[in-house]
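So the chains spell out like this:
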Amino acid sequence: MNPLLIQLGETVGQSLKRRGETVAVAESSSGGLISAALLGMGGASAYYLGGGVIYTAKARFSLLELPREAVAGMRSASEPYALLLARTVRERFGATWGISETGAAGPTGNPYGDAAGHTCIAISGPLEFATTLETGESDRLANMDAFAAAALELLRKATDA
């Protein structure tokens, strides 16, 4: 795993542990890297409650029980959708924080017209925030790393607040 992700995962994990807070993850095009980084440190069970790779509509329903009506008129890989995922995973797991990522890793864009390198990341908890990242790259693995790092950095900032 990318050393930056390991470092970010440890930093966030230590902060969560110190604060007595927990996290749940709903990620898509980062493919589990957010969760892997958070789980890389011993004692992760003190703060990591669970999560899933919500890569398809079927996964969204099966893993988060989000029906079509809940996302009607909402586009995947958008900030409102990322925030909905973060809120839902936080609520379902009873976590202090929910974090989500949804985008297009590449090498091509997604069916919604987003170019490769586009993702939306959100956190839900004591603070809520959503943001969009555009890497401008088509390298799938590099984008997956960048998406996971951005998500972890967002949670790091929130848990330092």
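Before reading on, note that the structure itself is shown above.
All values reported here derive from a predicted model rather than from experimental measurement. (Residues numbered from 1 in each chain as written. Predicted model: local features only at pLDDT ≥ 70, side-chain atom pairs only at ≥ 80, totals over all residues. Heavy atoms only, no water.)

A. Spotlight on the side chain of Asp114. Relative to the helices and strands, Asp114 resides in the loop between β3 (97-104) and β4 (118-124). Polar side-chain contacts of Asp114 include one of 2.6 Å to the side chain of Arg75. In terms of polar contacts, Asp114 uses its side chain to reach the side chain of Asn110, at 3.0 Å. Excluding its chain neighbours within four sequence positions, the residues that come into contact with Asp114 are Arg75, Ser76, Ala77, Ala104 and Gly109. (Helix = DSSP H or I, 4+ residues; strand = E, 2+ residues; numbered from the N terminus. Polar contact = N/O pair within 3.5 Å; in protein donor to acceptor, adjacent residues only side chain to side chain. Contact = heavy atoms within 4.5 Å.)

B. How the structure looks around the pairing of β3. Of all eight residues that make up β3, eight are buried, and the element is covered over most of its length. Burial of β3 is two-sided: the residues Trp97, Ile99, Glu101 and Gly103 facing one way and the residues Gly98, Ser100, Thr102 and Ala104 facing the other way are all buried. Examined bridge by bridge, β3 and β4 share seven bridges and lie antiparallel to one another. Looking at β4, one finds that Gly98 is bridged to Ser124. (Buried < 20%, exposed > 50% of the residue type's maximum accessible area, 1.4 Å probe, protein only. Pairing = 2+ DSSP bridges.)

C. Representation of the nonpolar core within the structure. Residues Val23, Leu38 and Tyr47 are the most contacted members of the largest nonpolar core, which totals 28 residues. A total of nine residues in this core trace back to one element, the largest contributor, which is helix α5 (residues 140-160). Contact partners of Val23, with chain neighbours within four places excluded, come to Leu16, Leu38, Tyr47, Tyr48, Leu49, Gly50, Ala95, Trp97, Ile99 and Leu155. Counting 12 residues, the second-largest nonpolar core is a separate cluster that includes Ala24, Ala26, Leu64 and Leu85. (Core = buried A, V, L, I, M, F, W, Y, C linked by side-chain atoms within 4.5 Å.)

D. The arrangement of the pattern of salt bridges in detail. The full count for this structure, using the stated rule, is seven salt bridges. Taking the shortest distance from any N to any O, the salt bridge between Glu128 and Arg87 comes out at 2.7 Å. Here Glu128, found in the loop between β4 and β5 (129-134), pairs with Arg87, found in helix α4 (residues 79-93); they are 41 residues apart in sequence, far enough to count as distant. Look at Glu128 and you get partly exposed, because its relative accessible area is 38%. Judged by relative accessible area, Arg87 falls into the partly exposed class, the value being 33%. Between Arg156 and Glu153 there is a salt bridge, and its shortest N-O distance comes to 2.5 Å. Taken together, the residues Arg156 and Glu153, both in helix α5 and three residues apart, mark about one turn of the helix. You can call Glu153 partly exposed: its relative accessible area is 24%. Through salt bridges with shared partners, a single network forms among Glu153, Arg156 and Asp160. (Salt bridge = Lys/Arg side-chain N within 4 Å of Asp/Glu carboxyl O.)

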